[in-house]
Amino acid sequence: MNKMPKWADVILTPLISLVLAMAISALVILAIGESPVEALTTMIDGALGSSYGWGFTLYYATNFIFTGLAVMVAYHASLFNIGGEGQAAMGGLGVALVLLSLPLPHWALALPAAMIGAALFGAAWALIPALLQAKRGSHIVITTIMFNFIAAAALNYILVNLMRPVGSMDPASARFPNETHLPKLSDMALSLGFEWGKNTPVNISFFVAVLACALVWLLIWRGRLGFEIRAFGKSEPAALYAGINPVRITVTAMLISGGLAGLMAINNVMGEAERLVLNAVEGAGFIGIAVALMGRNHPLGVFLAALLFGFLYQGGGELALWTSIPRELIIVIQALVILFTGALDNMVRMPLERMFLAMRKRGA
């Protein structure tokens with residue numbers, strides 16, 4: 001019997017963890033002589049108070065949805081994929097190669113082609129760590145984080161020596177053809193007769209990310225493969241007894257995870273930069289870990305947690321712009337959210353379990 005209701009585990013526990021993280025963040029802000037109320041007001045106005053703020057919040061959230069889903073899928077197979085940073089970077093390379101090599105006359109054709117390239121390159125970058133884990137027992141955490149550094153070095157070499165246009169000093173690829181540029185949500189709003197999110201990078205890939213949440217839910221909770229992934233993640237001996245091949249599940253889960261991380265590139269590389277640049281991922285692969293943890297490894301939770309971290313990113317930028325609070329403080333807030341929703345999860349969960357257990361006994 002569960003010690004507390006499902007809704008309390010999924011909603012109440014993360015909510016209390018978030019409140020605790022924000023309370024300690026407020027104390028940090030007070031300690032540096034600033035007003036927590038002013039800081040929170042600035043963040044809310046900057047991230048949610050206008051369509052401009054919403055445009056950037058949703059842009060960041062789109063990145064975090066893809067990387068959060070990537071961590072989530074691997075987690076259900078009892079694999080901790082922290083290589084989303086490198087897989088997303090390789091996904092960007094896949095996008096660039098597709099868009100610069102194929103004569104695609106319209107974004108509607110370019111988007112699915114770029115998605116295939118991004119997913120294939122991201123999955124390929126997860127393949128070797130998956131095989132090392134499945135065949136040799138090499139820990140997935142070690143191999144994936146090593147592959148993050150290999151991806152960064154490889155991309156640096158490729159951009160500087162192979163893809164940089166002649167005469168350019170910028171370590172970046174050529175710009176993608178105009179025909180392949182994704183429509184921004186601001187352009188879509190104008191076509192419907194109103195102005196929204198002018199000069200913001202959020203684009204149609206946001207809807208792709210939402211669709212990915214639905215498809216991952218169907219895969220994990222309504223598909224045979226998803227059942228095998230969850231069964232293997234809960235108990236490898238039981239999965240073996242049921243005839244589930246651990247090598248196949250480990251490799252398949254990591255390929256799906258890497259592909260989802262690679263898909264992030266349709267947002268930041270294809271949709272925003274419109275070329276491949278160095279450091280395009282900007283830490284989104286690691287933020288995906290926190291998003292998956294806070295979202296309780298469920299697509300709906302990942303979506304909501306991605307919105308929260310999108311708010312923190314955009315609100316943090318506004319905080320640095322309009323107050324004397326340093327931009328680095330937002331990293332402290334993010335770290336506290338990760339700390340309370342991940343490492344200190346039991347600090348909130350156990351008192352709640354005791355409370356609900358006591359309530360159940362009194363009601364019996």
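See above for the structure.
A brief structural summary. (Residues numbered from 1 in each chain as written. Predicted model: local features only at pLDDT ≥ 70, side-chain atom pairs only at ≥ 80, totals over all residues. Heavy atoms only, no water.)

Tallying secondary structure elements over the chain gives 16 helices and zero strands in all. At 21 Å, the chain has a C-alpha radius of gyration in line with the 21 Å of a compact globule built from 364 residues. Considered along the principal axes of its C-alpha atoms, the chain spans approximately 75 × 60 × 40 Å. For the chain, long-range pairs separated by at least 24 residues make up 77% of all intrachain contacts whose partners lie at least 6 apart in sequence. For the chain, the distance from the average position of its 21 positive side-chain charges to the average position of its 18 negative side-chain charges is 16 Å. (Helix = DSSP H or I, 4+ residues; strand = E, 2+ residues; numbered from the N terminus. Rg over C-alpha atoms; globule rule 2.2 N^0.38 Å. Contact = heavy atoms within 4.5 Å. Lys, Arg positive; Asp, Glu negative; His and termini not counted. Charge placed at Lys NZ, Arg CZ, Asp CG, Glu CD.)

Our focus in this paragraph is the pattern of salt bridges. Per the stated rule, a full pass over the model turns up four salt bridges. Taking the shortest distance from any N to any O, the salt bridge between D170 and R275 comes out at 2.9 Å. Residue D170 is located in the loop between α6 (140-163) and α7 (185-191), and its partner R275 is located in the loop between α12 (265-273) and α13 (284-294); the two are separated by 105 residues in the primary sequence. In this structure, R248 engages E228 in a salt bridge whose closest nitrogen and oxygen atoms are separated by 2.8 Å. Here the residue R248 occupies a position in helix α11 (residues 246-263), and E228 occupies one in helix α9 (residues 224-234), the gap between them amounting to 20 residues. With a relative accessible area of 10%, E228 lands in the buried category. (Salt bridge = Lys/Arg side-chain N within 4 Å of Asp/Glu carboxyl O. Buried < 20%, exposed > 50% of the residue type's maximum accessible area, 1.4 Å probe, protein only.)

Nonpolar side chains in soluble globular proteins tend to end up buried together. In this structure, F64, L69, V95, L99 and F309 are the most contacted members of the largest nonpolar core, which totals 97 residues. Residue contributions to this core peak at 13 residues, all from helix α3 (residues 51-76). Leave out the neighbours within four places in its chain, and L69 touches A212, C213, V216, L260, P299 and V302. If you look at the next biggest cluster of nonpolar residues, it comprises five residues, including M4, A8, V348 and L352. (Core = buried A, V, L, I, M, F, W, Y, C linked by side-chain atoms within 4.5 Å.)

A word on the environment of Y75. Its location among the elements puts Y75 in helix α3. By relative accessible area, Y75 is classed as partly exposed at 46%. Along the sequence, Y75 and G46 sit 29 residues apart, while their C-alpha atoms lie 34 Å from each other.

Between its first and last C-alpha atoms α3 spans 36 Å; for 26 residues at 1.5 Å apiece the expected length is 38 Å, and the two agree. Among the 26 residues in α3, 22 count as buried, and that is most of the element. The positive-phi residue at the C-terminal boundary of α3 is S78, with phi of around 60°. (Expected span 1.5 Å × (residues − 1).)

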